[in-house]
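Next come the chains, spelled out residue by residue.
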Amino acid sequence: MLSVISSEIGVISKKLIDLGVLALRQRNSRGNFKPHVSIRFRNNAGELRTFSIDTTRSPGKQPQPDAYLITHAHSDHHGKSAMLSPRAVCTDKTATALEIRHDRKYVGSMCRLGDEIEIEGVRVKTYPTAHTAGAAAFYWENDVGTRILVTGDVKNASKLPPCDVLITEANYGDPEDPSCHFADDLESMKCALFESGPVAFGAYEFGKAQRAVELMRGFGYEGAIRMEARTRALTRSMLEDAGELAGIDSRGEDEVFVVAPWDLDKLPRNVKKYVLSCRADYPYPIIKISDHLDACGLEDMVRKLTPEVTLVYHPGGHRPSKFSKHLNSIGIDSISIDQIGNVLSNEFI
Ligand SMILES: [Zn+2]
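Residues numbered from 1 in each chain as written. Predicted model: local features only at pLDDT ≥ 70, side-chain atom pairs only at ≥ 80, totals over all residues. Heavy atoms only, no water.

Under an unreviewed UniProt entry, the chain has the name Metallo-beta-lactamase domain-containing protein and belongs to Methanosarcina acetivorans.

Quick look at the structure:
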């Protein structure tokens, strides 16, 4: 089985080690922890493998993991860095989104969402999480049959498979925080869309903007939707049925806009403005539309997937630890990323 790198890891994640899984964090050249986590295990041939999850690329001369798994193209999952490694792995849509967002060429491997990909003797299957277009959970088994699932951010867990080791997020994972409990307010968005006069929805260019377009088309709106050029390019590439998309300054009778929240104030005064978000810190009315599960949704997901241990790895800050403690308090074994030790880079492979 895997050797214990430090006594701290041995104590905290003994259960993971019993399952043939070692979770570890690398430090960067400045001595700080790199974002997120790496998973070391053996493949069916008994060879040690290391998959790094949603983390930045190590410089070329340093030891490399067998794969940089990129769950989706949001910047806090670090695809901008990892996409430059031939060891990067993501879906074709995530690769396209990274290329459009960062104006760089993706040089890793890719597969279609729902397909399998072979990585160094490991069959890795992808599952949709409905967080953004192309967002994928990664699933594989190690030499002793432990089922490992890495979710990234999740909006809908219904397609995810049961697992033994769940590596997941807690963006809204603090059950004590009222802002971590919400439901999508589709009715308010529909009313805002169809009330008379021009209307603008503040939404991030990747993820929320495409969700906004999908929702509006679902409500039956068939007119043009006006967006900045890059948001338009992303939306065209990500959605099969985006309908007519137009430039911000294009002329026409349709005055429905989707722009970044911080660009709402650049639109004319007569445009009614809303932000699609579950955060309350915007100077415009909020319509609660989220790309995430809330605290109850996250707990339901963990119960449904029946893992023996849950590792909460994202986002930064205190939420992973809060969610992990909550899981332990209801009898579900869990650790959070702040409890995981590191290895020196020369021990990485
Ligand atoms: Zn995300």
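Still more ground to cover, so stick around.
Right, let's get into the overall build of the chain. In terms of regular secondary structure, the chain is built from nine helices and 19 strands. Compactness check: the chain gives a C-alpha radius of gyration of 21 Å against a globular reference of 20 Å for 349 residues, within 12% of the reference. Once the C-alpha set of the chain is aligned to its principal axes, its extents read approximately 65 × 45 × 35 Å. Taking all 349 residues of the chain together, the buried fraction comes to 56%. As presented, the chain carries roughly 15,100 Å² of accessible surface, and 48% of it is formed by carbon and sulfur atoms. Taking the average place of the 43 positive charges on the side chains of the chain and the average place of its 47 negative ones, the gap between the two points comes to 4 Å. (Helix = DSSP H or I, 4+ residues; strand = E, 2+ residues; numbered from the N terminus. Rg over C-alpha atoms; globule rule 2.2 N^0.38 Å. Buried < 20%, exposed > 50% of the residue type's maximum accessible area, 1.4 Å probe, protein only. Areas by Shrake-Rupley, 256 points an atom, 1.4 Å probe, with all protein chains shown as cover. Lys, Arg positive; Asp, Glu negative; His and termini not counted. Charge placed at Lys NZ, Arg CZ, Asp CG, Glu CD.)

Our focus in this paragraph is the nonpolar core. A general feature of soluble globular proteins is that nonpolar side chains tend to end up buried together. Counting 29 residues, the largest nonpolar core has Val-37, Ile-39, Phe-51, Leu-69, Trp-140 and Ile-167 as the members making the most contacts within it. When residues no more than four places from it in sequence are discounted, the contact partners of Ile-39 are Val-21, Leu-22, Ala-23, Arg-49, Thr-50, Phe-51, Ile-53, Trp-140, Ile-167 and Leu-311. By size, the runner-up hydrophobic cluster in this structure holds 24 residues, among which are Ala-203, Met-216, Phe-219 and Tyr-274. (Core = buried A, V, L, I, M, F, W, Y, C linked by side-chain atoms within 4.5 Å. Contact = heavy atoms within 4.5 Å.)

Assigned domains of the chain: these are domain 1 (7-177 + 293-347) and domain 2 (183-287). The C-alpha centroid of domain 2 is placed 31 Å from the C-alpha centroid of domain 1. Contact with domain 1, which involves 13 residues of that partner, is made by 13 residues of domain 2. Across the domain 1 to domain 2 interface the summed buried area is about 1,100 Å²; carbon plus sulfur atoms make up 60%. Three residues, Lys-93, Ile-100 and Arg-101, lead the burial of domain 1 against domain 2; their summed loss comes to 44% of the area buried on that side. The tally of links from domain 1 across to domain 2 stands at eight residue pairs in polar contact (both at pLDDT 80 or more). Residues belonging to the side of domain 1 that touches domain 2 are distributed by class as follows: six nonpolar, four polar and three charged. (Domains from an automatic or database assignment. Buried area = accessible area lost by both parts, 1.4 Å probe. Polar contact = N/O pair within 3.5 Å; in protein donor to acceptor, adjacent residues only side chain to side chain. Nonpolar A, V, L, I, M, F, W, Y, C, P; charged D, E, K, R; others polar.)

Another point: the packing of aromatic side chains. Under the criterion given, the structure shown has seven aromatic pairs. On the basis of an interplanar angle of 45° and a centroid distance of 5.7 Å, the ring pair of Tyr-204 and Trp-262 is categorised as tilted. Here Tyr-204, found in the loop between strand S12 (199-202) and helix H6 (208-218), pairs with Trp-262, found in the loop between strand S15 (256-259) and strand S16 (272-276); they are 58 residues apart in sequence, far enough to count as distant. Tyr-204 sits in the partly exposed class, given a relative accessible area of 33%. (Phe/Tyr/Trp six-rings, centres within 6.5 Å; stacked < 30°, edge-to-face > 60°.)

The next thing to look at is the state of the cysteines. In total, this model carries zero disulfides according to the counting rule given. As a non-bridged cysteine, Cys-90 has Cys-111 as the owner of its nearest cysteine sulfur, 8.3 Å distant. On the basis of relative accessibility, which here comes to 1%, the residue Cys-90 falls in the buried class. With no disulfide partner, Cys-180 has as its closest neighbouring cysteine sulfur the one in Cys-278, 9.9 Å distant. Under the relative-accessibility criterion, Cys-180 is labelled buried at 0%. (Disulfide = S-S within 2.5 Å.)

What follows concerns the coordination of the zinc ion. Within the first shell, the zinc ion binds the protein through His-72 (NE2), His-74 (ND1), His-131 (NE2) and Asp-153 (OD), at distances of 2.1 to 2.4 Å. One can describe the donor arrangement at the zinc ion as irregular, given that its four donor atoms subtend angles of 89 to 170° at the metal. Mapped onto the polypeptide sequence, the residues donating to the zinc ion form the spacing pattern H-x1-H-x56-H-x21-D. Of this pair, His-74 sits in the loop between strand S4 (67-69) and helix H3 (79-82) while Asp-153 sits in the loop between strand S10 (147-150) and strand S11 (165-169), and the two are 79 residues apart along the sequence. Accessibility expressed as a relative area gives 16% for His-74, which makes it buried. (Donors = N, O, S within 2.8 Å, 3.2 Å for Na, K, Ca; no water. Tetrahedral: all angles 85-135°; square planar, octahedral: opposite > 155°, others 65-115°.)

Counted residue by residue, S11 has five buried out of five residues, so it is predominantly covered. Residues Val-165, Ile-167 and Glu-169 point to one face of S11 and Leu-166 and Thr-168 to the other, with burial holding for every one of them. Alignment of S10 against S11, held across three bridges, turns out to be parallel. Bridge pairing in S11 links Ile-148 to Val-165. Pairing of S11 with strand S18 (residues 309-314), which is carried by five bridges, proceeds in the parallel orientation. Bridge pairing in S18 places Ile-167 opposite Leu-311. (Pairing = 2+ DSSP bridges.)

Now for H6. With respect to burial, H6 is a largely interior element, nine of its 11 residues being buried. Every buried residue of H6 is listed here: Lys-208, Ala-209, Gln-210, Arg-211, Ala-212, Val-213, Leu-215, Met-216 and Arg-217. Those residues of H6 that are buried lie in contact with helix H5 (186-194), S12, strand S13 (225-227), helix H7 (229-238), S15 and S16. Phi for Gly-220, located one or two positions after H6, is positive at around 100°.

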